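Report on the structure
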Amino acid sequence: MRIFKIGILGSGVISRTYLADIIAFYKNLEVIACADINVELSQKLASEFGIKKAYTTEELLNDDEVEIVINLTPPQFHVELSKQIITAGKHLFSEKPFAPNLKDAKEVLDLADAKGVKVGCAPDTFLASGLQSLRYYLDANLIGKPFFVTANMTTFGVETWHPNPGPFYTKNSGPLFDMAPYYLSAIVSLLGSIESIAALDAKSSDTRHIYVGPEAGTDIEVKIPTHYSSILRLKSGVVVNLNVSFDIYRSNLPMFEIYGDGGTLTYPDPNFGGGTPSVYRKEQYTDTVYQKTDEAMARKNRFYELPELYPRVKDYSRGLGVLDLAKAIEANSNNRANGSLIMHITEAIEGMMISSENGEFYKMKTTCERPEPLKAGGYMDEV
Ligand SMILES: NC(=O)c1ccc[n+]([C@@H]2O[C@H](COP(=O)([O-])OP(=O)(O)OC[C@H]3O[C@@H](n4cnc5c(N)ncnc54)[C@H](O)[C@@H]3O)[C@@H](O)[C@H]2O)c1
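The chain has the name 1,5-anhydro-D-fructose reductase in an unreviewed UniProt entry, where Clostridium chromiireducens is given as its organism.

Spelled out as structure tokens, the structure:
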């Protein structure tokens, strides 16, 4: 695979994770430029990571050497800047959320088709070791036919760690746009597309206290729901209970569990790239009807850890989706986090909002295929 020249747009918090991981793990991606609306921030990032060119947005888009631009700006700028990146003839990898609604997402993707460039989008955690291992075990029939999933993203928001928490509590943000994409991508990549959605929302408090950053010590108004509870029906018939919340300090709910007619698969957290799945099989339960031994009783009460089948790059890593996009550009094939997955996840988020507002089931219009699994045993550029 050849080396691709990458530009980063948005030199904030997550750009540092992308850069550290790309430099450490993805030799076929070379970040040659970074940009920001505030050029001092791109200069600072460039000097921290030894990037050759520190740019304004315009300069980045005019640089013919840059082939793929990673859009790491705040969500409210994604659509506009993604269009500019595509119009400049660059391939695009966007952070989530790709767009606030299906209509805007389609406009960006149609523009990319017209310009002949490819598009990818985070989260790419479903390509990493943990969720790919889980997919392998699911497809290998370890728990038989799945019928139910519970997915629970429970945190107490971002105001204890993010330097600019205000925008997280405004329109088109909150846990639904910020965190649901991880869980929805995991669900769709493991079990296929969503057919219908019923959701309800809540808000634990009308204000939030800011603990860090320039606004530390102040209270801000919460303008959106900060909790969503939903039920999804997948095309396969599987039922999913998905809760995403910025209102829960701590919880004992499982973060991700799949139940089948032959057992249960449990997984630590689809927000991360690494994670060891565990299994509980039907026989552990039924054997004790015939065997009352201590061993059989002990087996009845525990899950068994399964090995991860792919190299774990890092628990919290970024760049796999960009590598997958680069491979697809080179092979003129489809990347995994592609337009149809983007449209489906964007619609699911919008559908949860619509359902919670009108109190009715939302019927999905888009579908998508499960992205191709990775071949067990190697990094993406080796398999
Ligand atoms: N912070 C995280 O842990 C994290 C994790 C995963 C994904 N993300 C996603 O990454 C994206 C960026 O998040 P972040 O936390 O790095 O944000 P951030 O606010 O720290 O950084 C964003 C940068 O974009 C720049 N910017 C703002 N408007 C711009 C414009 N119009 N043109 C060019 N530059 C502009 C800002 O000056 C800032 O430096 C978001 O979509 C977020 O959802 C963040």
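Alright, that's what it looks like, and here's the rest.
Moving on, we come to the pattern of salt bridges. In this structure the tally under the stated criterion is 21 salt bridges. Note that Lys106 is salt-bridged to Asp110, the shortest N-O span being 2.8 Å. Of this pair, Lys106 and Asp110 are both found in helix α5 (residues 102-115), four residues apart, which corresponds to roughly one turn of the helix. Lys106 gets classed as partly exposed once you look at its relative accessible area, which sits at 41%. A relative accessible area of 37% places Asp110 in the partly exposed class. One connected set of salt bridges, linked through shared partners, spans Arg16, Lys44 and Glu48.

Okay, the domain arrangement of the chain next. Each domain of the chain was delimited in the assignment, giving domain 1 (4-121) and domain 2 (127-305). Carbon and sulfur atoms make up 64% of the area that domain 1 and domain 2 hide from each other, which totals about 550 Å². Broken down residue by residue, the surface that domain 1 buries against domain 2 is led by Val13, Lys96 and Pro100, which jointly contribute 70%. For the interface between domain 1 and domain 2, the tally reads one salt bridge. Residues Asp178 and Lys96 are paired through a salt bridge, measuring 2.7 Å at the closest nitrogen-oxygen approach. On the surface where domain 1 and domain 2 come into contact, there are one residue pair in polar contact (both at pLDDT 80 or more). In the side of domain 1 that touches domain 2, the residues fall into four nonpolar, no polar and one charged.

Procedures and definitions
Residues numbered from 1 in each chain as written. Predicted model: local features only at pLDDT ≥ 70, side-chain atom pairs only at ≥ 80, totals over all residues. Heavy atoms only, no water. Salt bridge = Lys/Arg side-chain N within 4 Å of Asp/Glu carboxyl O. Helix = DSSP H or I, 4+ residues; strand = E, 2+ residues; numbered from the N terminus. Buried < 20%, exposed > 50% of the residue type's maximum accessible area, 1.4 Å probe, protein only. Domains from an automatic or database assignment. Buried area = accessible area lost by both parts, 1.4 Å probe. Polar contact = N/O pair within 3.5 Å; in protein donor to acceptor, adjacent residues only side chain to side chain. Nonpolar A, V, L, I, M, F, W, Y, C, P; charged D, E, K, R; others polar.

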